[in-house]
Number of protein chains: 2
Amino acid sequence: MKKALIKEESGDLVETPVMSSITIDCVVFGFENGSLEILLVKHGRGIRKGEWGLPGGWIKEDEAIDAAAQRLLRELTGLDNIYLEQLKAFGDPERFPVGRVITIGYNALIKREDYNVIAGFTASEARWFKIKEIPDLIYDHNEILDYSLKRLRRRVRQAPIGFNLLPEKFTLLQLMQLYEEILDIEMDKPNFRRKILRMKLLVDLNEKQKDVSHRAAKLYQFDNTIYRKLTEKGFSFEF
Amino acid sequence: MKKALIKEESGDLVETPVMSSITIDCVVFGFENGSLEILLVKHGRGIRKGEWGLPGGWIKEDEAIDAAAQRLLRELTGLDNIYLEQLKAFGDPERFPVGRVITIGYNALIKREDYNVIAGFTASEARWFKIKEIPDLIYDHNEILDYSLKRLRRRVRQAPIGFNLLPEKFTLLQLMQLYEEILDIEMDKPNFRRKILRMKLLVDLNEKQKDVSHRAAKLYQFDNTIYRKLTEKGFSFEF
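The structure presented is a predicted model; accordingly, all values stated were derived computationally and were not measured. (Residues numbered from 1 in each chain as written. Chains lettered and ligands numbered in written order. Predicted model: local features only at pLDDT ≥ 70, side-chain atom pairs only at ≥ 80, totals over all residues. Heavy atoms only, no water.)

Chemist: Which residues make up a positive patch on the surface, and what values go with them?
Modeler: All names here are of chain A. On the surface, a cluster of positive charge is contributed by R157, R194, K195 and R198. Looking at which element gives the most residues to the positive patch, the answer is helix α4 (residues 189-198), with 3 residues. Its location among the elements puts K195 in helix α4. (Patch = residues over 30% accessible without salt bridge, like charges linked within 9 Å, V, L, I, M, F, W, Y side chains within 5 Å. Areas by Shrake-Rupley, 256 points an atom, 1.4 Å probe, with all protein chains shown as cover. Salt bridge = Lys/Arg side-chain N within 4 Å of Asp/Glu carboxyl O. Lys, Arg positive; Asp, Glu negative; His and termini not counted. Charge placed at Lys NZ, Arg CZ, Asp CG, Glu CD. Helix = DSSP H or I, 4+ residues; strand = E, 2+ residues; numbered from the N terminus.)

Shown next as C-alpha cells:
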C-alpha cells in the first residue's frame with residue numbers, strides 16, 4: 001500500500017492517516033430550444049487532453065469546498081456567481097486511474113440567457129450538450145451526471161425548481177417541454193395547461209411572444225413570493 | 001503551504017496535487033420512550049480521548065466510501081448491516097485542528113429494538129443520547145448533526161420514512177410522538193389521528209398493547225406495499 005506523507009515547512013516528512021486527493025465536479029443544467037442541456041469542457045492538457053468531462057478540478061488546501069466549486073466553474077467556463085448545490089461525494093477506489101481520488105459533485109440550474117460561456121484555465125473548449133447527445137465522458141463523469149439527473153427528476157416533481165432553467169418570461173409550451181425533457185415523457189398539452197394553471201403559481205403577464213414565426217403565445221412568469229404564500233397556506237407543489 | 005507526497009512501492013516520493021485526509025462520520029437516529037435519539041461514541045484514545053463525537057474515522061485507501069461507513073459504524077458501535085445514506089461532504093478548511101480533513105457524512109434511521117450497541121475499536125463507550133441532551137461534540141460534529149436533523153425534518157414530511165424508527169407494531173400515540181419529536185412541535189391528538197388514518201397507509205392489526213400500566217392502545221403497522229400501490233395511483237405522502 002502507498003503511504004501518504006506531508007512535508008512540513010521545516011522540510012520534515014510526517015506520515016498521516018490515509019490520504020486522498022479531492023476534486024470537485026459540477027453538473028450545470030440549462031434549457032434551450034426545447035432541450036435540456038449540460039455544460040461540458042474539453043481538457044486542453046494532461047492525460048485526458050482532447051476528452052470531454054464535467055467542469056471540475058483540484059481543491060486548494062486552504063479552500064472551502066463550496067468556494068472551490070465556484071472558483072473551478074468560473075475558471076473553466078466563465079460562469080460566475082452560480083447557485084451551486086452539493087450532490088454528494090463519489091468515492092469508488094477505482095474511479096480514477098492514478099491513485100485514490102474522491103470527487104465531490106455539485107449541481108446547478110441556470111437560465112442560459114443570463115450567461116456567456118468562455119473556456120479558460122485547463123479547458124480548451126466549453127459548450128452545452130443536449131442531454132440526449134452526451135458523449136463518453138472521462139472517469140465516472142457519466143455516472144455523476146446520471147445521479148444528478150435522477151435527483152433533478154425527483155425534485156422537479158416536489159418543488160417548483162424547474163423555473164430556474166426558463167427565461168424570466170416563458171410560454172406554457174416552453175414549461176411543458178421543460179418537464180417533458182427532464183422527466184423523459186410525453187405530455188398532453190390541454191391536460192398540462194389545466195394542471196399548471198390550477199396551481200395558481202404563474203403570473204399571466206398579459207403579453208405575447210414577439211418576433212416568432214408561429215402564432216405568438218401568452219407569456220407567464222413564476223413568482224416565488226406567490227409560491228411561498230401558497231405554501232404557508234398548506235399548498236404543496238406536486239407534479 | 002504543506003506539500004503532499006506519495007511514497008511509491010519503489011520508495012520514491014512523488015508529489016501529487018492537493019491532498020487531504022478523508023474521514024466518515026455517521027449520524028444514526030433512533031426513537032425510544034417518546035424521544036428521538038442519536039448514537040454517539042466516546043473516544044478511547046488520541047487527542048480527543050474522553051470526548052464524545054459521531055461514530056466515524058479514516059477511510060482505507062482501497063475502500064469504497066459506502067463500505068468505509070459500514071465498517072466504521074460496525075467497529076465502533078457493533079451496528080451491522082445498517083442502511084446508511086450519504087448526507088454530503090463537510091469541507092471547511094478549519095474544521096479539523098491538524099491538517100486538512102474533509103469528512104463525508106452519512107445518516108441512518110434504525111429501529112432501536114433490533115440492535116445492540118457495543119463499543120469497540122477506538123471507542124471506549126457508545127450510547128444513545130436524547131436529541132435534547134446532546135453534549136458538545138468534537139470538531140464540527142454538532143454542525144453535521146444539525147444538518148442531518150434538518151434534512152430528516154424535511155424528508156419526514158414528504159415520505160413515510162419515520163416508520164423506520166418505530167417498532168414493527170406501534171400505537172398512534174407513538175407515531176404522533178415521533179412526529180412531534182422530529183418536527184419539534186406539539187400536535188393535537190384527534191387531528192393527528194384523523195389525518196393519518198385518512199391516508200390509509202396503516203394496517204390495523206386488531207391487536208392491543210400488552211403489559212402496559214395505562215389503558216392498552218391499538219397496534220398498527222406500516223405496509224410499504226400499500227404505500228407503493230397508493231403512490232402508483234397518484235397518492236402523495238405529505239405531512
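Chemist: Mind laying out the nonpolar core, listing which residues take part and the relevant values?
Modeler: Grouped together as the largest cluster of nonpolar side chains are 42 residues, with contacts concentrated most on A:I24, A:V28, A:I104, B:I24, B:V28 and B:I104. Elements with a minimum of two residues in this core: β3 (19-32), α1 (65-77) and β8 (101-109) of chain A together with β3 (19-32), α1 (65-77) and β8 (101-109) of chain B. The residues touching A:V28, leaving out its near neighbours within four places in the chain, are A:E37, A:I38, A:L39, A:L73, A:L79, A:A108, A:I110 and A:W128. One finds A:F29, A:L87, A:L137 and A:Y179 within the second-largest nonpolar core, a separate group that totals 40 residues. (Core = buried A, V, L, I, M, F, W, Y, C linked by side-chain atoms within 4.5 Å. Buried < 20%, exposed > 50% of the residue type's maximum accessible area, 1.4 Å probe, protein only. Contact = heavy atoms within 4.5 Å.)

Chemist: Hey, could you go over the environment of A:A89 for me, with residue numbers and the actual values?
Modeler: Locating A:A89 in the fold gives a position in strand β7 (residues 85-90). With 14 residues separating them along the chain, A:A89 and A:T103 place their C-alpha atoms 5.7 Å apart. Those residues within four positions of A:A89 in sequence are excluded, and the remaining contacts are A:I102, A:T103, A:I104, B:I65, B:Q86 and B:I104.

Chemist: Quick rundown of the packing of aromatic side chains? Include the residues and the values.
Modeler: On inspection of all chains with the given rule, the structure shows 16 aromatic pairs over all chains. With a centroid separation of 6.3 Å and 50° between ring planes, the pair formed by A:Y179 and A:F192 is classed as tilted. Pair noted here: A:Y179 is in helix α3 (residues 172-183) and A:F192 is in helix α4, with a separation of 13 residues, a long-range link. The same class applies to A:Y179 as to A:F192, namely buried. By way of ring pairs, the aromatic residues A:F163, A:F170, A:F222 and A:Y227 are connected into one cluster. The positively charged end of B:K88 is found above the aromatic ring belonging to B:F90, 5.2 Å away from the centroid. Over the aromatic face of B:F129 sits the side chain of B:R127, whose NZ or CZ is 4.0 Å from the ring centroid. (Phe/Tyr/Trp six-rings, centres within 6.5 Å; stacked < 30°, edge-to-face > 60°. Lys NZ or Arg CZ within 6 Å of the ring centre and 35° of its normal.)

Remember that the coordinates give geometry; whether it matters functionally is a separate question.
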